Amino acid sequence: MGTAIPGGSAAPAGLRVWTAESADAPAAPRLPLAFESFLYLRPAHQALATSPDVVLSFYLEDAAAGRTVAQLHVTLAPGSTVARSPAQAPFGAVQLAPGVRGPALHQLLDVAEATLRQRGLQALAMRSYPFAYDPTGAALLAEALRQRGYRVVLAEQNYHLDPAWDYEAHLHPSERRRLHKCRRHGLHVEQEPPFLLPAAYAFIEACRQERGQQLSLSLARVQELFRRFPQEHFLFSVRQPDGAWAALTVAIRVSETVLYNFYPASPLRYNALSPVVLLNEGLHAFARASGLTVLDLGTSTLDSGPNASLLRFKRHLGGVAGLRLSWEKQL
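Throughout this document, residue positions are counted from 1 along each chain, in the order its sequence is written. For a predicted model such as this one, the threshold for reporting local features is a pLDDT of at least 70, and the threshold for listing and counting side-chain atom pairs is 80 or more; totals across whole chains, interfaces and linings nevertheless cover every residue. As a convention, hydrogens and water are excluded, and side-chain values are obtained from all of the structure's heavy atoms.

Asks: I would appreciate a short explanation of helix α3 (residues 135-147) in the present structure.
Replies: Along an α-helix, residues three or four positions apart point the same way, because every turn accommodates 3.6 residues. Over its 13 residues, α3 extends 18 Å from the first C-alpha to the last, a length consistent with the 18 Å expected when each residue adds 1.5 Å. Accessible area is worked out with a 1.4 Å probe on protein chains only. A residue is then buried under 20% of its type maximum, exposed over 50%, and partly exposed in between. Strands here are runs of E lasting at least two residues and helices are runs of H or I lasting at least four, both read from the DSSP assignment and numbered beginning at the N terminus. Listing the buried residues of α3 in full gives G137, A138, L141, A142, A144 and L145. Taken down its axis, α3 places every buried residue within 165° of arc, on the same side. Across from the buried face of α3, at angles greater than 90 degrees, the exposed residues are P135, T136 and R146. Contact between two residues is taken to exist if any of their heavy atoms lie within 4.5 Å; hydrogens are not considered. Elements that come into contact with the buried residues of α3 comprise β6 (95-96), α2 (102-118), β7 (123-127) and β16 (320-330). Expected helix span is given by 1.5 Å per residue-to-residue step, counting one fewer step than there are residues. It is the directions from the helix axis to the C-beta atoms that the arc portrays.

Asks: Explanation requested: empty space enclosed by the protein in the structure shown.
Replies: Gaps left between atoms are located by rolling a probe of water-molecule size over the structure's atoms. Cavities and pockets were defined on a 1 Å grid built over protein atoms only: a cavity is a set of grid points that admits a 1.4 Å probe from which the probe cannot escape, a pocket is an open set flanked by protein on both sides within 12 Å along at least five of seven lines, and lining residues are those with an atom within 4 Å of any such point. Grid points are joined across faces, edges and corners, and a volume is the space filled by probe spheres set on the points. In the structure shown here, the tally under the stated rule is four cavities of 30 Å³ or more. Together, L161, D162, W165, D166, Y167, H170, H284, L317 and G318 line the largest cavity. Residue type decides the class: Asp, Glu, Lys and Arg count as charged, Ala, Val, Leu, Ile, Met, Phe, Trp, Tyr, Cys and Pro as nonpolar, and the leftover types, Gly among them, as polar. Residue composition of the lining of the largest cavity, grouped by class: four nonpolar, three polar and two charged.

Asks: Explanation requested: unusual backbone geometry in the structure shown.
Replies: Among all residues save glycine, negative phi is the norm, and among peptide bonds the norm is trans. Looking along the chain, the bond that leaves S85 and enters P86 is cis, with omega of 10°. Its place among the elements puts P86 in the loop between β5 (82-85) and β6. Despite not being glycine, S274 has its phi angle at roughly 55°, a positive value. With respect to the helices and strands, S274 occurs in the loop between β12 (258-261) and α7 (275-289).

Asks: I'm lost on the environment of Q147 in this one. Help?
Replies: Examined against the element boundaries, Q147 turns out to sit in helix α3. Since its relative accessible area comes to 49%, Q147 is described here as partly exposed. Note: C-alpha distance between Q147 and P198 (51 residues apart in sequence) is 48 Å.

Asks: Even after reading the chapter, I still don't get the packing of aromatic side chains, so can you show me in this structure?
Replies: The geometry of an aromatic ring pair comes down to the distance between the two centres and the angle between the two planes. For Phe, Tyr and Trp, rings pair up if their centres lie within 6.5 Å, where Trp contributes its six-membered ring, and each pair is then called stacked (planes under 30 degrees apart), edge-to-face (over 60) or tilted (otherwise). The full count for this structure, using the stated rule, is 13 aromatic pairs. Consider the rings of Y40 and F91, whose centres lie 5.3 Å apart with planes at 90°: the pair is edge-to-face. One end of the pair, Y40, is in the loop between β2 (15-23) and α1 (43-46); the other, F91, is in the loop between β5 and β6, with 51 residues separating them in the sequence. Residue classification places Y40 among the buried positions, given a relative accessible area of 4%. Members of the aromatic cluster, connected to one another through ring pairs, are F38, Y40, F91, Y129 and Y133.

Asks: It is not clear to me how the pairing of strand β8 (residues 151-161) should be interpreted in this structure. Could you clarify?
Replies: Two strands qualify as a pair provided DSSP detects at least 2 bridges between them. As defined by bridge partners, β8 adjoins β16 across nine bridges and the pair is classed as antiparallel. Across the sheet, the residue bridging to Q157 is L323, located in β16. The sheet contact formed by β8 and strand β13 (residues 294-299) spans four bridges and is antiparallel. Paired with H160 across the bridge in β13 is D296.

Asks: Explain the confidence of the model for the protein chain here, please?
Replies: Low pLDDT means the predicted coordinates in that region are not meant to be read closely. Per-residue confidence for the protein chain averages 91 on the pLDDT scale, and 93% of its residues sit at or above 70. Across the protein chain, the secondary-structure element scoring lowest on mean pLDDT is strand β1 (residues 3-10), at 48, and the one scoring highest is strand β10 (residues 233-239), at 98. The low-confidence segment residues 6-11 (pLDDT under 50) makes 13 contacts with residues lying over four places distant or belonging to another chain. Summary of the metric used: pLDDT quantifies the predictor's per-residue confidence within the range 0 to 100.

Asks: So what exactly am I meant to see when it comes to the side chain of E113 here?
Replies: Structurally, E113 can be placed in helix α2. Taking relative accessible area as the criterion, E113 reaches 3% and is therefore assigned buried. Whenever a nitrogen or oxygen atom comes within 3.5 Å of another N or O atom, the pair is scored as a polar contact, on the condition that within protein one atom can donate a hydrogen and the other can accept it, and that pairs from neighbouring residues in sequence are kept only if both atoms are in side chains. At 2.8 Å, the side chain of E113 forms a polar contact with the side chain of Y150. Once you skip the residues sitting within four places of it in the chain, E113 turns out to touch R148, Y150, K329 and L331.

Asks: Where do I start with the packing of helix α5 (residues 197-210) against helix α6 (residues 219-228) in this structure?
Replies: Geometrically, a packed helix pair is captured by the angle between its two axes and the distance between the axes. Lines fitted to C-alpha atoms define the axes here, with helix axes fitted over just the stretch in contact, and angles between the N-to-C directions of these axes take values from 0 to 180 degrees. Between α5 and α6, the least distance of the axes is 10 Å, while the angle of their chain directions is 130°. With respect to α6, the axis of α5 lies oblique. For the pair α5 and α6, the crossing hand works out as right-handed. Contacts from L197, P198 and Y201 in α5 reach L219, V222, Q223 and F226 in α6. Grouping the constituent residues of the contact of α5 with α6 by class yields six nonpolar, one polar and no charged. Working rule for angles: under 35 degrees goes down as roughly parallel, over 145 as roughly antiparallel, 65 to 115 as roughly perpendicular, anything else as oblique. Two helices cross in a left-handed way if the nearer one is turned anticlockwise from the farther one by less than a right angle. They cross in a right-handed way if the turn is clockwise.

Asks: What exactly am I supposed to notice about the pattern of salt bridges here?
Replies: Close approach of charged atoms allows side chains with opposite charge to pair. Whenever Lys or Arg places a side-chain nitrogen within 4 Å of a carboxyl oxygen from Asp or Glu, that contact is recorded as a salt bridge. One pass over the structure, following the stated rule, counts 18 salt bridges. With a shortest N-O distance of 2.7 Å, R127 and E156 are connected by a salt bridge. Taken together, the positions of R127 in strand β7 and E156 in strand β8 put the pair 29 residues apart, joining distant regions of the chain. A salt bridge links E175 to R178, with the nearest nitrogen and oxygen atoms 3.2 Å apart. Here the residue E175 and the residue R178 both occupy positions in helix α4 (residues 173-184), the gap between them amounting to three residues, near one helical turn. Sharing partners across several salt bridges, the network here consists of D110, E113, R117, R148 and K329.

The structure is reproduced here in structure tokens:
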């Protein structure tokens, strides 16, 4: 449960910043959100993180409308002088309701930075969401952070597909041939039931190990996410005619507009067929039927730098390149 921090600040046009402190997960807003929170910014999702961090939540409130129009959650790890947003989630930073303007955003950031300085923090690091999730909000946030002296510490290419487009028509000719080959061999896409998660996880993990990669989440954590957020987590596969898996992925509905292809995997022995092309066609169709506007293919960054082959593959799928920025400022 959150503890309110006295001394909220009046913002332009009657807006106010309310600050709350809680342990492990953000406090819920006092006023209902004027937007759908990204999954990773919901208090219930962040509560799954296992850490002793203190969380400060900054909510921009429009009292006249009875709504919260912006949110920022910042974690304070014991012994660290750097506040972070997020701690363990894929992204954090400020999420805005449509129509919020620059002065109001600066007011929110004024309060956040002042509060952190009062607590002896020396820096604030934020990893923002991909621009495709909310192009207007992301651009407004990027400009505000630039004006305030934040520096970009990581700029990543993030690719997405537009479900309104014809999937096959936007494929590179080489990927279109592979798609047709998958069909000729009788491969097909299925949405799998969650009880198959242990077997699916083992399949995905083995595929990643073949490529010298590791999964970021344990099986227990993935199962908990499916249990806690059943409307946001999906398991999709490509099966051969005999029923064996040729590809798998976990897909996540991050918001009312975004589906994220989180854990795509296929064994190396299927490289000639490239069943992941067919898998993405299935996700594309699911996103379109669900009224979503973004199929997020994610970034393609290794510890050593950009993964050139994966970037090329996403471009060949018809992926649209966008930005995903991480920022830091000395307080």
